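Descriptive analysis of the structure
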Amino acid sequence: MDPVIRPTTPFDGQRPGTSGLRKSVQTFEQPRYLENFVQSIIDCVQGIPGATLVLGGDGRYHNRTAIQTIVKMAAANGVARLVVGAGGILSTPAASCVIRKRKALGGIILSASHNPGGPDGDFGIKFNAANGGPAPEALTEAFFKRSKEIAEYRTVDAPDVDLDQIGERRLGSMVVEVIDPVADYAELTDSLFDIDAIRALFASGFRMVFDAMHAVTGPYAVEILEHRLGAPAGTAINAVPLEDFGGHHPDPNLAHAVDLVAALNGPDAPDFGAASDGDGDRNMILGRGVFVSPSDSLAVLAANATHVPAFRGGLTGVARSMPTSRAVDRVAEALGIRCYETPTGWKFFGTLLDDGRINLCGEESFGTGADHVREKDGLWAVLMWLNVLAARRLSVAELMAEHWNTYGRTYYGRHDYEAIEQAAADRLIDELRNRLPLLAGTSLAGRRVATADEFAYTDPVDGSRSERQGLRVSFEDGSRIVYRLSGTGTAGATLRVYFERYEPVGGEHGLDAPVALAELAAVAADLAGIQRHTGRTKPDVAT
Ligand code: G16
């Protein structure tokens, strides 16, 4: 089967963001839009002819169409073996697992993560490298550069390949290997946790609800929680993946997982609640009447890691993204290990994990992960919690209280202002950037500013430099405000404002986070002139 070379012309603005190229479905449905970006990836990644690649997505609307396009382009570009999840499905962490296990050159993952799906929703594509992690910035910049000059792409004229039946078939000289999307991942998680302890926990009557939000983790959760760990049938809810996620926003947070939050706060609440997002890499953790902030979750897992077989030997180091609260820093200090602060974006953890400098990391944006794959991993985080709860035999509330009594409590919150005009967002950030040098030593609503700067990062392993990664204002009392523009939105700009307030051991630990942070939030809005620049008087999402 001979490749067909089709002429094309570049599209504007195919620059990958925090997590790949993410745009509306309508954008991706334009003729040649996907083809241009896929060919740009293929042209920039060394060694495609003869290689093994992995392909899968979160099953959202347009997944099946896009997968067929990519299968044909892979065949035309000389890929030797394409490993595809049945039905075109692979959760993002499962794709990372399969890339590593098969020693593939890399993989193409189709997802817009936690963004809504359906014909009016979003779609996305990213390339993960041989380590299983998102392509580094140098490579995503190369894709972008190539996408601006591309003049042709390669495909084959062939009928669609059957991707629903597990097994091998051929497209020209390429082998298409359709795999069970769950099997390799479930085998990996079996090897990491104390399965017997978790089974015993469920056998003791421990009750949990896992909300798959009609997204990709449903089949993974049913297999792992219910079939392998013995949780009762029905523990995983909304477990059937739907192309439009049932019309919901598959983002596991207090704003979008309201039914789950209500269940954990209602009468007859289960012991434990959790949710994951569109592509399975995010997680939310709840106990009866308690929400565990992702920053606290990372800190608690770090403090209790040695109860989990994969970490019996201890942690080598930990990392968090800059806007993530400093709760984990305090645990790292107590353990005598290094805590790295990286820019937002999972790709920045990759070099640290590959180099063995860290084996646990996380972000405030409901992402937690470790060195078993090179993506954040929603179900893995849930299994970590189950393993710790099984070993400690404490409730989530008791575990949190113990943690705060040991390390102090870091209240944490984030306000998102969505779809604001890009120029207004840029003006707000520019103006604040210019004011930063004047802030140190001044007082804002009674709090003295210790430092105010713009975060930049030099990767300690490969020396690469990332500038302009967020503005931060730290106060002498240990509180902090951070401002940055999101890299994952698809309409206008999204301004994120992050707050944290530290209450030491013996301090006031019993407040609701929004109450504890109200004063800081008012200071943050005022300092940046959010209303003046954007016209907004309150955030669209407060978590
Ligand atoms: C992606 C990245 C994360 C990042 C998050 C939010 O997550 O992988 O590392 O924290 O975006 O980014 P932003 O604040 O720029 O919107 P996901 O789950 O969307 O792939």
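Residues numbered from 1 in each chain as written. Predicted model: local features only at pLDDT ≥ 70, side-chain atom pairs only at ≥ 80, totals over all residues. Heavy atoms only, no water.

1. Regarding the pairing of strand 25 (residues 480–485)
For the record, the criterion: Each residue is placed in one exposure class: buried if its accessible area under a 1.4 Å probe, protein chains only, is under 20% of its type's maximum, exposed if it is over 50%, and partly exposed if it falls in between. Comment: elements are numbered from the N terminus, with helices defined as DSSP H or I runs of at least four residues and strands as E runs of at least two. Two strands pair if DSSP finds at least two bridges between them.
Judged by how many residues are buried, strand 25 sits mostly within the fold: five of six residues are covered. In this structure, strand 24 (residues 471–475) lies alongside strand 25, joined through four bridges in antiparallel fashion. Bridging from a neighbouring strand, S474 pairs with R480 of strand 25.

2. Some thoughts on the environment of R326
Our working rule: Here, two residues are considered to be in contact whenever any of their heavy atoms come within 4.5 Å of each other.
Positionally, R326 belongs in the loop between strand 15 (317–321) and helix 11 (327–335). Each residue touching R326, except ones within four places of it in the same chain, is listed here: R320, S474, G478, S479, R480 and E500.

3. Focus: the sheet that holds strand 21 (residues 447–454)
Our working rule: The angle between two axes is taken between their N-to-C directions and runs from 0 to 180 degrees, where each axis is a line fitted to C-alpha atoms and a helix contributes only its stretch in contact.
The strand order across the open sheet built from seven strands is 20-21-24-25-26-19-27, with neighbouring strands paired in antiparallel fashion. With one partner strand each, in any of the chains shown, strand 20 (443–444) and strand 27 (541–542) form the two edges of the open sheet. In terms of strand pairing, strand 19 (residues 409–420) meets strand 27 through two bridges, oriented antiparallel. Bridge pairing in strand 27 places H415 opposite A542. Its contacts with the sheet put helix 16 (residues 513–528) on strand 19, strand 20, strand 21, strand 24, strand 25 and strand 26 (493–503), and the angle it makes with strand 26 is roughly 130°.

4. Section: the nonpolar core
What counts, and what does not: In these notes, a set of buried Ala, Val, Leu, Ile, Met, Phe, Trp, Tyr and Cys residues joined through side-chain atoms within 4.5 Å is what counts as a nonpolar core. Domain delimitation in this document rests on an assignment produced automatically or drawn from a domain database.
In this structure, M208, F210, L225, F272, W380, W385 and L386 are the most contacted members of the largest nonpolar core, which totals 74 residues. Ranked by the residues each element gives to this core, the list is headed by helix 13 (residues 378–392), at eleven residues. Structurally, this core is a two-domain feature, drawing no fewer than three residues from each of domain 1 (4–180) and domain 2 (185–407). Apart from residues lying up to four places away in sequence, F272 is in contact with F206, R207, M208, V209, L264, I285, L286, V382, W385, L386, L389 and V396. Judged by nonpolar contacts, the second largest core, of 43 residues, contains L82, I108, F127 and A158.

5. Description of helix 8 (residues 217–228)
Inspection of helix 8 places T217, G218, Y220, A221, I224, L225 and E226 among the buried residues, and these make up the whole buried set. Buried positions along helix 8 lie against helix 4 (92–101), helix 6 (183–192), strand 10 (208–211), strand 11 (236–237), strand 12 (272–276) and helix 13.

6. As for the packing of helix 10 (residues 294–304) against helix 14 (residues 396–407)
Heads up, the condition is: Between 65 and 115 degrees an angle is taken as roughly perpendicular, under 35 as roughly parallel, over 145 as roughly antiparallel, and anywhere else as oblique.
It is at 11 Å that the axes of helix 10 and helix 14 come closest, and there the two elements cross at 85°. Overall, the two elements helix 10 and helix 14 adopt an arrangement that is roughly perpendicular. Together, D296, A299, V300, A303 and N304 of helix 10 and L399, M400, H403, W404 and Y407 of helix 14 make up the contact between the two elements.

7. Things to note about unusual backbone geometry
Of note, the phi angle at H62 is positive, near 90°, even though the residue is not glycine. As for its position among the elements, H62 is in the loop between strand 3 (52–57) and helix 3 (63–76). By relative accessible area, H62 is classed as buried at 11%. Even without glycine at this site, F245 takes up a positive phi of about 55°.

8. Regarding the sheet that holds strand 9 (residues 174–179)
Spatially, seven strands are ordered 2-6-5-3-4-9-8 in an open sheet, and the strand pairing comes out mixed. Edge strands, defined here as strands with exactly one partner in the open sheet, are strand 2 (21–24) and strand 8 (167–171). Neighbour-to-neighbour, the strand axes of this sheet turn through a mean angle of 20°, independent of strand direction. In this sheet, strand 4 (residues 81–89) lies alongside strand 3 in parallel orientation, the contact comprising five bridges. Considered in strand 4, the bridge of G57 is made with I89. With respect to the sheet, helix 3 is in contact with strand 3, strand 4, strand 5 (106–110), strand 6 (122–129), strand 8 and strand 9, its orientation differing from that of strand 4 by roughly 170°.

That is the geometry; function is a separate question.
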